[in-house]
Amino acid sequence: MKAHSGEVGVFVRIRPTANFSQDIIECLPDGQTVNIHHKKDTRKPLCPRKIQRSSWSFRLEGVLQDVSQEEVYTRVCRRVVLGALDGYNGTVLCFGQTGAGKTYTMTGSTESYKQRGVIPRAIQEVFQEVQKRTEHTFSVYLSYLEIYNETLVDLLASLQSSALPSPRSMVVSEEPGRGVFIRGLSLHPVHSEEEALNLLFEGEMNRVIGSHALNRNSSRSHCIFTLHLESRSRTLSDAKYVTSKLNLVDLAGSERLGKTGSEGQMFKEAMYINKSLSFLEQAILALADRRRDHVPFRQTKLTHALKDSLGGNCNTVLVANIYGEASQKEETLSTLRFASRMKCIRTNPAVNEHMDPAAQIKKLKKDVQMLKEELSFGNTLVNRPSVPYDPLSQAQLAEIDSQVQRYLEGSLKEISIISVSQVRALFAKFKLAVHRGQEKKVNARLRQTYNLGEEDQRADTPAVKEWDTRGSTEEDEAGSFEVSHKNTQHPSSTRAKTKKSKDKPSQSKRQGEESPLSKKRSDSASKPKLNSVQSPEREQELQEPDTESQEPQESQPNGKEPFHPDSTLTKAEAFDDFKMGRGSKLNRILQENKAVLLERRSLHRQLTDEVNAVKREIDCTAATMQQYRETRGGQGRYSEPDDTLLNQLRELKALYRQRYEVLNDIKAEINYCQHLVDQCRVRLLSEFEKWYKKYSLVPEEDLETSMDNTLDQVSLSECDDNQLPPESSSSESFHNARYRMLRRRNTRSLCVTPEQRSSSSGSGQRTLPQIPPVS
Ligand SMILES: Nc1ncnc2c1ncn2[C@@H]1O[C@H](COP(=O)(O)OP(=O)(O)OP(=O)(O)O)[C@@H](O)[C@H]1O
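Residues numbered from 1 in each chain as written. Predicted model: local features only at pLDDT ≥ 70, side-chain atom pairs only at ≥ 80, totals over all residues. Heavy atoms only, no water.

1. What to know about the overall build of the chain
Then comes step 1: When helices and strands are counted, the chain shows 24 helices and 15 strands.
Then comes step 2: Sorting the 775 residues of the chain into buried and exposed places 43% on the buried side.
Then comes step 3: Taking as baseline every contact in the chain between residues at least 6 positions apart, the subset at least 24 positions apart corresponds to 74%.
Then comes step 4: Carbon and sulfur atoms make up 52% of the accessible area of the chain, which totals about 42100 Å². (Helix = DSSP H or I, 4+ residues; strand = E, 2+ residues; numbered from the N terminus. Buried < 20%, exposed > 50% of the residue type's maximum accessible area, 1.4 Å probe, protein only. Contact = heavy atoms within 4.5 Å. Areas by Shrake-Rupley, 256 points an atom, 1.4 Å probe, with all protein chains shown as cover.)

Quick look at the structure:
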């Protein structure tokens, strides 16, 4: 058999007997073919419909009759062992009925050196090769597994210093890069043939003792003796190394259940063996059938443990052990059939090569160092200044930032390029500058659209001066918003409000009843002016005077007692009160902004429909033109469609572009409005929490625990009552996530100090209005 040939090597070994049935078992002189002849039983009546076969021919890789243990090893196993030392996985299996010589082939006699089997010979060969292959270092590990009635037994567990793992703790596992392995099976390092043999025998002994202790037959189990090899080159400082597994498998007797005539425990054993061997056969059939992409390896422990040892990249050899006696003809035939199926499996042996990450890093570092030296040498040769190849420091990044700024302002004519990392950093800075510019542009356009005035020169705009002279009532009633006004309010307006507040019959729930003022407010809130989106600066302006002047008005309804939430109210009810009272302005802004957002969304939908309609018309016109061309083409001449169609198409395209641009603008506005709505909502909640915490009669600890629940209710009700049209039925997750984000942001905003806030706003990272400081 060729080394790593791609087919499973199958041999038949006939157990020597004085009663060899030559007329039944015929071994041809080619040394590869065995024929089985069936002597017809003249006593049995012939079944007329069944075609009675009388001979079977099996051509295998070799028929081993009356051969020594050494020859068996050399012909069957040697190349697999040598392959394992080169990094190929290898498996040798012995299959056959009980007493046919499987254990004799695999382990041999432990008493006679000459009669030692494949395993001790393989161990010897491995260590001899390790001695010979001086250019490599080898590590050898051993494991010895027994599978009895679908239970995994570690035959070398007795050698472990730690407590023995229970059979239940052992499982067949798979990991990428590691393949199949038995988790919990002990792995023993061995440095010499002797050490390895000691372990083999120890395992054999444990197998026998175990079978006595448990009152079972040692031949009723499958045994897998594995040599795990790892080899690294001594000469090459390579990160590569190879690993392999050499599995030497002694399968349990393959005789059929009926024949054993067993009962009780023996019946159970036979049943398990039959099951595992039958699944082994199924796996082999699947492996041999190239059209099947699924092989049922996981059906039993045996097939699962042998998953990467039967086909695949493994050198696999099977020895089919048979009796020479006529009486065993049926089982012999069955064993040979199994063997011939095994022959159909194609394998693709491959070396298990790995890269040692530590060695690889070391090698790459060395390469990088060498390349840097070469570059610097090249620079010296062409008189170029030395180039930094390390990551840029903070100082270098700051310098690049300043260069970009000066370059954009025009004070720096050009930036000299010195390294690739500097070019990358420059690109990043330019990208950032472009983003900022775009953001500013959108912001400015929105401010213009909504008449919000300039961001930083508000106080100087005519609108401010004009507004300053107006009263707050006017502002309330107008419902419109000018962001750039000063935040002073005429004392009379406060007084006027105070008076109206005093008119209210009582606080708490009754406060929620509509007073003339609140009626007016809610009226104005329910009819928001569509262009009056209000920014958080506006909230601040509204909020700050409240802190000074409105508090007595809203917190002292009777002019004496400070207002606090009624302890009989739930927090959600208190929130309703808050929205009607102290937080009414924030609430009104929120409602108005939501209305604007709704209006923008509805406009967006309209525009989308429009754009789609235009698109459909374009398609239609284009199709008409195409049809026109085809019709004229059919008459043997090509003609352009008439001008009307062409003009129509041109106009439609222009309209499409124009509507599309408007659509994009609306999208940007929606984003901006959404941002403002979110900010208002967060601000309203945080103001409420602050107010509630300050005045609530509920003890602090209860408040803390109730805080979360109420925030949930409040925020959810906020989400519910915003009445924005749901985009789809699956938007629930989106809303939940957004709600959580709002909650997190809300909590954070409560923790941020005004200094932190102003420093973050000063970082220049955001151009959108910041949440105003919490008063
Ligand atoms: N080729 C052989 N030469 C000499 N003796 C043999 C040979 N094959 C088997 N025997 C002997 O036959 C007996 C049964 O063999 P063995 O225990 O190897 O069978 P088995 O197939 O492993 O059975 P079980 O399934 O019970 O483990 C042993 O005493 C063994 O020494």
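From this point, the discussion proceeds with the structure in view.
2. Digging into the packing of aromatic side chains
Then comes step 1: Overall, the coordinates contain nine aromatic pairs when judged by the stated rule.
Then comes step 2: Look at Y144 and F225: their rings are 5.1 Å apart centre to centre, the planes differ by 90°, and that puts the pair in the edge-to-face class. Here Y144, found in strand 7 (residues 136-148), pairs with F225, found in strand 12 (residues 222-233); they are 81 residues apart in sequence, far enough to count as distant. Judged on exposure class, the residue Y144 and its partner F225 are both buried.
Then comes step 3: Directly above the ring of Y113 sits R116, whose terminal nitrogen or CZ lies 3.6 Å from the centroid.
Then comes step 4: Across from the ring centre of Y241, 4.2 Å away, lies the NZ or CZ of R232, which sits over that ring. (Phe/Tyr/Trp six-rings, centres within 6.5 Å; stacked < 30°, edge-to-face > 60°. Lys NZ or Arg CZ within 6 Å of the ring centre and 35° of its normal.)

3. Some remarks on the UniProt feature "binding site: ATP" (unreviewed entry) in the chain
Then comes step 1: Following the UniProt record, the feature "binding site: ATP" (unreviewed entry) maps to G96, Q97, T98, G99, A100, G101, K102 and T103 here.
Then comes step 2: Of note, T98 is situated in the loop between strand 6 (89-96) and helix 2 (102-106).
Then comes step 3: Locating K102 in the fold gives a position in helix 2.
Then comes step 4: On the basis of relative accessibility, which here comes to 7%, the residue K102 falls in the buried class. (UniProt positions renumbered as here; feature names shortened; annotations may be inferred.)

4. Quick notes on the side chain of H304
Then comes step 1: Mapped onto the elements of the fold, H304 is located in helix 7 (residues 301-305).
Then comes step 2: Residue classification places H304 among the buried residues on the basis of a relative accessible area of 9%.
Then comes step 3: There is a polar contact of 3.1 Å between the side chain of H304 and the side chain of E174.
Then comes step 4: If we ignore the near neighbours within four places in the chain, the residues touching H304 are V172, E174, V180, F297 and R298. (Polar contact = N/O pair within 3.5 Å; in protein donor to acceptor, adjacent residues only side chain to side chain.)

5. Quick word on the pattern of salt bridges
Then comes step 1: The tally for this structure, following the rule as stated, stands at 25 salt bridges.
Then comes step 2: Residues R207 and E146 are paired through a salt bridge, measuring 3.7 Å at the closest nitrogen-oxygen approach. Here E146 lies in strand 7 and R207 lies in helix 4 (residues 193-213), a separation of 61 residues in the sequence. In this structure, R207 and E146 share a single accessibility class: buried.
Then comes step 3: Through salt bridges that share partners, D86, E129, K132 and R133 make up one connected network. (Salt bridge = Lys/Arg side-chain N within 4 Å of Asp/Glu carboxyl O.)

6. Looking at the state of the cysteines
Then comes step 1: Evaluation of the coordinates by the stated rule reveals zero disulfides.
Then comes step 2: C94 forms no disulfide, and the closest cysteine sulfur to it belongs to C77, at a distance of 9.2 Å.
Then comes step 3: For C94, a relative accessible area of 0% puts it in the buried group. (Disulfide = S-S within 2.5 Å.)

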